[in-house]
Amino acid sequence: MQYPQNRTTGRLTRSLFRRDPDGPVPHDPLSDGTPPGPAAPGVTVPAGPASGDPEQSGSPAGRGTATAPDAPGAGPGAGGAPDHGVRVARERTATAAAELARFLDLLDRAGRPGPAVDFASQRRVHEPRPYVAPATAEPPRWEEFAPPEPAGAPAGSADAADAGRRLLDPVYQRERAQARLRHQRALREWRERQELLEGDDDARTRARQDRIEHERAELARARAVEEYNATLDECRRAYRAAEPAAVESLLERALAAAGHATPDLPAACRTVFRPLTRTAVLDLELPSPQIVPSVAGYRPSAEGGPPEPVPRPDSERAVHYLQLAARLALRALHAVAAADGDEVLGGVVLNGFVRGPGTPPGGCCLLTVDADRDDLARTRLLPPGRPGLPARGDRADREDALAVLRALPSAVTPDPYGPAPVAPLATAGAAVPAEGDLSPAEFARLIRELTARMGLGGWTLRLRGRDGLVAVAEGGEATALPGRRVVWAARRPDGVDADAVRTLAEAVAEERADGGVWLTTAHFTPEAAELAAADERLLLIDGDRLRLLLRTHLDGELASGAD
């Protein structure tokens, strides 16, 4: 086929691509044939005219102004620049959409549960391997060499006739004869080997030695499995005894396995276990907020330059990032709760930090969670699903990780791009924590355990804040604190004054209790001590006496210090 050409320039005549208004849309020779991707929200990509159409082409400014055929500037290349800008904008918008799709895939994988890592799942079982002699005990069978035969069919049927013709086929007969020769050769070689083994003392000795080596290897494998399980049982005993090294080792393995679905997103997590309060403090490394694509798409430049990026709204980026951070935090909590099959942990504190350029030396805390064992048990941290597979929950379950996290005792930054940090509810510092290192739930569990050892049971929490709590407990008749008691506890650097002691006395009257106990990590003022001495129902325990009671009843230490 000869394409019409311009006699002067030798180029293809542009009328070939001229579009009939009533006819079909011609193919754009500059197009790569790929349909444009969906435009991101807020991205406006104008539909370009057919390539090379002077009647439909836009002006050089790209505003869609028609250029008459006789107007200055009209010609073969007058409409190329606007079309090129639109096409580049579409291509870059498709690239931005692909980046968002990759992030959403990462977001989906971040919410998948990891494999179970507890002591039961880590046990090994020895499965003996059968001994295989160097020579085959059975002679080679004809079935291993015979060519395939026609399938059997009832006599008198057409299939039976086809089978008979196949048996008489010379090609099949030749294949069968060759297979018979191979079988006879293999059978002869097998007999020769058997004769050598029967008549050769060295061969029999080698065979016997080979079996002995196999049995020794199996015994070594069984012994290695037994020793491993014994070591695992010893670790489990140490875990049940709340030894920090054993607890931290198991939790770190569980947290490492939790990230199997996101190998492209490392999320290191430091673990510290405090036996005094049986609390695991996790410092989780969160990815940078820049992981969320910042460009929603591109639009053609009105000046005829390169396409202009359309930024993704800040609110949308913040929601995407907080969803990712929430899923990583919930996945870590899920891994720790699943590993604690022996119920050693009383609670878990998780702090999510971002570290890198522009952050403080210790990092910027964007979320913090203070959950006890009951909180974790009654919360579905992750949608149901098998490890490594997408969750079977509905779309709302997969996308509402932030709501699940906020339902727990937690604090989440309102702006991860500010950033607006939040104060960690607990810190993983020295081996012996100070009162300021404890979380509110951790401090409450410590006071509850101590008062229980002092004879106050039937604990009912009335109020809990960041630095203190109010509760009601029942003391046995044979204890030093019989009857109904109001318990006030506070951790503060300042001393407790007389007004606070009067408030305790009023609470005892309102609760119709038999007395009240005030515990503080600091001290009482002289006026408060005099007021309590005048009322025999009130018992004051200052910081020094509190630490002595902790050593006596809980065999634990609490360092002195303030927030």
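A short tour of the structure in this document, coming up. If you're wondering where the values come from, they're calculated on a predicted model, not measured in any experiment.

1. Thoughts on the state of the cysteines
Tallied over the entire structure, the rule returns zero disulfides. Free cysteine Cys 364: the closest other cysteine sulfur is in Cys 365, separated by 7.4 Å. The buried category is assigned to Cys 364, whose relative accessible area is 5%.

2. Notes on helix H12 (residues 498-511)
The terminal C-alpha atoms of H12 lie 20 Å apart, and with 14 residues this matches the ideal 20 Å at 1.5 Å per residue to within 8%. Looking only at H12, the buried set comprises Ala 498, Ala 500, Val 501, Leu 504, Ala 505, Ala 507 and Val 508. The elements touched by buried residues of H12 are strand S10 (483-490), strand S11 (515-520), helix H13 (526-534) and strand S12 (538-541). Directly after H12, the chain includes Arg 512, whose backbone phi takes a positive value near 55°.

3. Here's the deal with the pairing of S11
In terms of burial, S11 is a largely internal element, six of the six residues being buried. Alternating residues of S11 divide into Gly 515, Val 517 and Leu 519 and Gly 516, Trp 518 and Thr 520, and every residue in both groups is buried. In this structure, S10 lies alongside S11, joined through six bridges in parallel fashion. Considered in S11, the bridge of Arg 485 is made with Gly 515. With H12 bridging S10 and the parallel S11, this β-α-β connection has right-handed handedness. Bridge count between S11 and S12: four bridges; the pairing is parallel. Pairing of Leu 519 across the sheet is with Ile 541, part of S12. For the crossover that starts at S11, traverses H13 and ends in the parallel S12, the hand is right-handed.

4. A short note on the sheet that holds strand S1 (residues 269-274)
Spatially, the five strands line up as an open sheet ordered S1-S2-S5-S6-S7, and their pairing is mixed. Two strands bound the open sheet, and with one partner strand each, they are S1 and strand S7 (410-412). Strand-to-strand, the axes of this sheet are offset by a mean angle of 15°, without reference to chain direction. For strand S5 (residues 347-354) and strand S6 (residues 364-372), the ladder comprises eight bridges, and the chain directions are antiparallel. The residue of S6 that forms the bridge with Leu 350 is Val 369.

5. Remarks on the pattern of salt bridges
Overall, the coordinates contain 26 salt bridges when judged by the stated rule. Three or more residues joined by partner-sharing salt bridges are found here, namely Arg 462, Glu 474, Arg 484 and Glu 511.

6. Here's the deal with unusual backbone geometry
Here the bond from Gly 418 into Pro 419 is cis, since omega is -10°, no more than 30 degrees from zero. Mapped onto the fold, Pro 419 is located in the loop between S7 and helix H11 (440-453). Located in the positive-phi region is Glu 343, a residue other than glycine, with phi close to 55°. When you line up the elements, Glu 343 lands in the loop between helix H7 (314-339) and S5. Owing to a relative accessible area of 54%, Glu 343 belongs among the exposed residues under this scheme.

7. Describing the side chain of Arg 485
Examined against the element boundaries, Arg 485 turns out to sit in strand S10. A distance of 2.9 Å separates the side chain of Arg 485 from the backbone oxygen of Pro 482, its partner in a polar contact. Ignoring any residue separated from it by four or fewer positions in sequence, one finds Arg 485 in contact with Leu 456, Ala 471, Val 472, Ala 473, Ala 513, Asp 514, Gly 515, Gly 516 and Arg 537.

8. Thoughts on the nonpolar core
Leu 286, Leu 333, Leu 345, Leu 350 and Leu 367 are the most contacted members of the largest nonpolar core, which has 57 residues in total. Per-element accounting of this core gives the leading share, 13 residues, to H7. By size, the runner-up hydrophobic cluster in this structure holds 24 residues, among which are Ile 447, Leu 450, Ile 541 and Leu 550.

Basis of the calculations
Residues numbered from 1 in each chain as written. Predicted model: local features only at pLDDT ≥ 70, side-chain atom pairs only at ≥ 80, totals over all residues. Heavy atoms only, no water. Disulfide = S-S within 2.5 Å. Buried < 20%, exposed > 50% of the residue type's maximum accessible area, 1.4 Å probe, protein only. Helix = DSSP H or I, 4+ residues; strand = E, 2+ residues; numbered from the N terminus. Expected span 1.5 Å × (residues − 1). Contact = heavy atoms within 4.5 Å. Pairing = 2+ DSSP bridges. Right-handed = clockwise from strand over helix to strand, strands pointing away. Axes fitted to C-alpha atoms, helices over the stretch in contact; angles between N-to-C directions. Salt bridge = Lys/Arg side-chain N within 4 Å of Asp/Glu carboxyl O. Polar contact = N/O pair within 3.5 Å; in protein donor to acceptor, adjacent residues only side chain to side chain. Core = buried A, V, L, I, M, F, W, Y, C linked by side-chain atoms within 4.5 Å.

Structural measurements only, silent on function.
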